[in-house]
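A closer look at the structure
The primary structure of each chain is shown beneath.
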Amino acid sequence: MSSASPPDLSGATVWLTRPIAGAESWRRAFEAAGAEVLIEPLLVIEAPEDEPAARAGLARAETADIVIATSANAIAGAARLCPRWTPTGQLLAVGDATAAALADYSGRAVATPARSDSEGLLAMPALRDVAGCRVALLAGQGGREALTEALTTRGAQLDKIVLYRRVAARIERARLERLLAADAVVVTSVEAWRHLLALAEGPERARLARLRLVAASRRVVQQAGYDVDWAIAPVVIERMDAAGAVAALDRVWPARGQ
């Protein structure tokens with residue numbers, strides 16, 4: 001298949017593990033490429049434990065020099081807690097979907113990195129010289145610390161605002177067996193991967209190893225490689241959006257009849 005050919009996922013069944021709020025556009029993209037999609041999140045998005053602190057953080061972020069959004073879930077949490085929000089600083093987002101959500105929420109332009117992760121953000125010119133700058137980070141509870149550590153090392157006055165938390169989803173055994181009978185699974189965080197690994201115990205572990213793993217980052221692939229002896233090498237989503245996820249699976253999925 002040439003690089004210019006449209007993705008062909010005919011005959012593939014894909015388990016999409018993203019939280020419901022972010023899964024619909026991805027489902028449409030996979031189905032447009034010919035795949036059957038099973039949506040069953042591994043993590044459930046819930047409100048932050050301290051909502052008053054989150055609201056106070058959003059008020060401070062309105063006057064920050066730079067505001068960074070790490071996920072669309074963070075923006076959804078912010079919009080629920082503070083429907084009217086008018087930041088004055090420069091706005092950055094980790095990827096296109098997050099940028100679109102932040103632009104819609106703030107009514108302003110949002111910049112994104114070439115690479116949709118913490119390392120990509122840190123390479124942006126806006127974050128190279130942040131000594132003394134007030135930087136607000138719109139994020140979820142937990143997650144990677146690479147961004148916060150690097151910005152603090154660079155001298156930024158960092159204010160991390162926790163706007164949601166991820167909770168492990170419960171999946172009934174019969175449903176899990178159906179999901180593990182798919183051809184591919186899309187996993188978008190190390191936290192989600194660890195929950196999947198905990199669910200797939202005993203004979204389910206062998207079924208998991210036969211799936212094609214489509215991962216959001218090299219960190220997920222690295223961790224999954226430690227945990228499972230994969231029949232087919234996992235692939236990384238190069239651009240963190242629906243089209244990027246489809247393209248990643250297309251690299252390891254044969255078209256029907258081939």
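This section reports on the structure supplied with the text. (Residues numbered from 1 in each chain as written. Predicted model: local features only at pLDDT ≥ 70, side-chain atom pairs only at ≥ 80, totals over all residues. Heavy atoms only, no water.)

So, about the side chain of Thr13. By the secondary structure assignment, Thr13 is in strand S1 (residues 13–16). Here the side chain of Thr13 touches Glu36 through a polar contact of 3.4 Å, side chain to side chain. With residues up to four places along the chain from it excluded, the contact list for Thr13 reads Glu36, Leu38, Arg178, Ala182, Asp183 and Ala184. (Helix = DSSP H or I, 4+ residues; strand = E, 2+ residues; numbered from the N terminus. Polar contact = N/O pair within 3.5 Å; in protein donor to acceptor, adjacent residues only side chain to side chain. Contact = heavy atoms within 4.5 Å.)

In this section: the sheet that holds strand S9 (residues 184–187). Taking strand neighbours across the sheet as the criterion, the five strands line up as S2-S1-S9-S10-S11 in an open arrangement whose pairing is parallel. Strands with a single pairing partner mark the edges of an open sheet, and in this sheet they are strand S2 (36–39) and strand S11 (235–236). In this structure, S9 lies alongside strand S10 (residues 212–215), joined through four bridges in parallel fashion. Residue pairing for S10: Val186 is matched across the bridge by Val214. In this fold helix H1 (residues 24–32) packs onto S1, S2 and S9, with an angle of close to 160° to the strand it touches most, S2. (Pairing = 2+ DSSP bridges. Axes fitted to C-alpha atoms, helices over the stretch in contact; angles between N-to-C directions.)

The subject of this paragraph is the pattern of salt bridges. Under the criterion given, the structure shown has 17 salt bridges. Where Glu119 meets Arg115, a salt bridge forms, and the shortest distance between an N and an O atom there is 4.0 Å. Glu119 gets classed as partly exposed once you look at its relative accessible area, which sits at 31%. Through salt bridges with shared partners, a single ionic network connects Glu24, Arg27, Arg28 and Glu31. (Salt bridge = Lys/Arg side-chain N within 4 Å of Asp/Glu carboxyl O. Buried < 20%, exposed > 50% of the residue type's maximum accessible area, 1.4 Å probe, protein only.)

Attention shifts here to the packing of aromatic side chains. Scanning the model with the defined rule gives two aromatic pairs in all. Judged by centre distance (5.1 Å) and plane angle (10°), the rings of Trp85 and Tyr105 are stacked. With Trp85 in the loop between helix H3 (72–81) and strand S5 (90–93) and Tyr105 in helix H4 (residues 96–106), this residue pair connects regions lying 20 residues apart in the sequence. Across the pair, Tyr105 and Trp85 agree in class, each one buried. (Phe/Tyr/Trp six-rings, centres within 6.5 Å; stacked < 30°, edge-to-face > 60°.)

So, about the sheet that holds strand S4 (residues 66–69). Sheets are built from strands paired through backbone hydrogen bonds, the pairs being either parallel or antiparallel. The strand order S5-S4-S6-S7 describes an open sheet built from four strands, whose pairing is parallel. Of all the strands in the sheet, the pair left with one neighbour each is S5 and strand S7 (157–162). This sheet shows a mean twist of 20° between the axes of neighbouring strands, independent of strand direction. In this structure, S4 lies alongside strand S6 (residues 134–139), joined through four bridges in parallel fashion. Of the residues in S6, the one forming a bridge with Ile66 is Val135. Each of S4 and S5 is contacted by H4, which is oriented at about 145° to S5, the strand it contacts most.

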